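# Commentary on secondary and tertiary structure
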Amino acid sequence: MTISPDSDSPALARAKAELRRQCRARRENTPPTAAQEHALRAGILACVDLVPAGGAIALVWPLPGEIDLRPVFMPLHQRGYRVLLPFTPPRGQPLSFHHWHPDVTMCNGRFATWHPDGHAHRPDMVFVPLLAFDRRGGRLGYGGGYYDRTLARLPRAIAIGYGLATQEVANIPMGPHDVPLSGVVTERERIACHGNASMRG
């Protein structure tokens, strides 16, 4: 299955670009507080109970402006989960996920990120960064299409968006290649999307 953000109609592409511009400006003007980051990370730690111990949890190395998930790496590792971080390939290809542990060699990647050395693993749960979300599972990303391509190849993975409650909008414009989220976690709540009862709680 080929996933390409270029398959959006011109009208949909314009709508996404405008919403993306608004959301970037909002994020730059209202950075998260330490308390919000702490509460969001606590919500992430609660969400992983949807996956049995020993499962593989894909997180991210933070980009500038994103909430830093690195403080949850070690707690998840200590609980027996396999913590995975993405390698970002050239644009147009899906992400691959590699096992992080305290002694792993880290490699410098694209966009000032880091990823573990070693072969790729298939995640059971993927935490997905976003600029905006809605309660149907719509997600607005940065425009590269990386996570849509990746999630299309992981139909059994639980895809959880994460962000601040202020990043919620009424409706994300979505095209046929946009993969909806299973749920969203914010500093305030866990939101079940498109009937995913397992996210409620």
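Quick summary incoming for the structure in this document. Quantities reported herein were computed from a predicted structural model and do not represent experimental measurements. (Residues numbered from 1 in each chain as written. Predicted model: local features only at pLDDT ≥ 70, side-chain atom pairs only at ≥ 80, totals over all residues. Heavy atoms only, no water.)

## A few points about the overall build of the protein
A tally of helices and strands in the protein yields four helices and 12 strands. Relative to its length of 201 residues, the protein is compact, with a C-alpha radius of gyration of 16 Å against a globular reference of 17 Å. When the backbone C-alpha atoms are referred to their principal axes, the protein occupies close to 45 × 35 × 35 Å. Across the 201 residues in the protein, those meeting the buried criterion constitute 50%. Taking the intrachain contacts of the protein between residues at least 6 apart in sequence as the baseline, contacts between residues at least 24 apart amount to 67%. Per element, the accessible surface of the protein, about 9600 Å² overall, is 54% carbon and sulfur. The protein carries 23 positive and 17 negative side-chain charges, and their two centres are separated by 3 Å. (Helix = DSSP H or I, 4+ residues; strand = E, 2+ residues; numbered from the N terminus. Rg over C-alpha atoms; globule rule 2.2 N^0.38 Å. Buried < 20%, exposed > 50% of the residue type's maximum accessible area, 1.4 Å probe, protein only. Contact = heavy atoms within 4.5 Å. Areas by Shrake-Rupley, 256 points an atom, 1.4 Å probe, with all protein chains shown as cover. Lys, Arg positive; Asp, Glu negative; His and termini not counted. Charge placed at Lys NZ, Arg CZ, Asp CG, Glu CD.)

## Regarding the state of the cysteines
For the structure on display, the rule yields zero disulfides. For Cys-47, which is in no disulfide, the shortest distance to another cysteine sulfur is to Cys-193 and amounts to 11 Å. When its relative accessible area of 0% is taken as the criterion, Cys-193 is described as buried. (Disulfide = S-S within 2.5 Å.)

## A short note on the sheet that holds strand 12 (residues 190-192)
The eight strands are arranged 6-3-2-1-7-10-11-12 in an open sheet whose pairing can be described as mixed. A strand with exactly one partner marks an edge of an open sheet, and here the two such strands are strand 6 (120-121) and strand 12. Bridge count between strand 2 (residues 82-87) and strand 3 (residues 96-100): five bridges; the pairing is antiparallel. The partner of Val-83 across the bridge, within strand 3, is Trp-100. (Pairing = 2+ DSSP bridges.)

## A short note on the nonpolar core
Generally speaking, a soluble globular protein has its nonpolar side chains buried in company with each other. In this structure, Ile-57, Leu-59, Leu-69, Phe-73, Leu-76, Val-126 and Phe-127 are the most contacted members of the largest nonpolar core, which totals 46 residues. With residues up to four places along the chain from it excluded, the contact list for Leu-76 reads Leu-45, Val-48, Ile-57, Leu-59, Tyr-81 and Val-83. Residues Leu-19, Cys-23, Ala-132 and Leu-140 belong to the second largest nonpolar core, which totals seven residues. (Core = buried A, V, L, I, M, F, W, Y, C linked by side-chain atoms within 4.5 Å.)

## So, the pattern of salt bridges
Considering all chains together, one arrives at 10 salt bridges under this definition. Among the salt bridges present, the one from Asp-8 reaches Lys-16, with a minimum N-O distance of 3.0 Å. Note on accessibility: Asp-8 and Lys-16 belong to one class, buried. The salt bridge involving Lys-16 is made with Asp-178; its shortest N-O contact spans 2.8 Å. With Lys-16 in helix 1 (residues 10-29) and Asp-178 in the loop between strand 10 (158-162) and strand 11 (183-185), the pair connects residues that are 162 residues apart, well separated along the chain. (Salt bridge = Lys/Arg side-chain N within 4 Å of Asp/Glu carboxyl O.)

## Digging into the pairing of strand 10
Most of strand 10 is tucked away: five of the five residues are buried. Residues of strand 10 alternate between two faces, with Ile-158, Ile-160 and Tyr-162 on one and Ala-159 and Gly-161 on the opposite face, all of them buried. Judged from the four bridges that link them, strand 7 (residues 125-128) and strand 10 form a sheet pairing that is parallel. The residue of strand 10 that forms the bridge with Phe-127 is Ile-160.

## Side note on the side chain of Glu-37
Mapped onto the elements, Glu-37 comes out in helix 2 (residues 34-47). Filtering out sequence-adjacent residues up to four positions away, Glu-37 remains in contact with Pro-32, Ile-67 and Asp-68.

## Some points on the packing of aromatic side chains
For the structure on display, the rule yields one aromatic pair. The ring of Trp-61 has Arg-70 lying over it, and the distance from NZ or CZ to the ring centre is 4.8 Å. (Phe/Tyr/Trp six-rings, centres within 6.5 Å; stacked < 30°, edge-to-face > 60°. Lys NZ or Arg CZ within 6 Å of the ring centre and 35° of its normal.)

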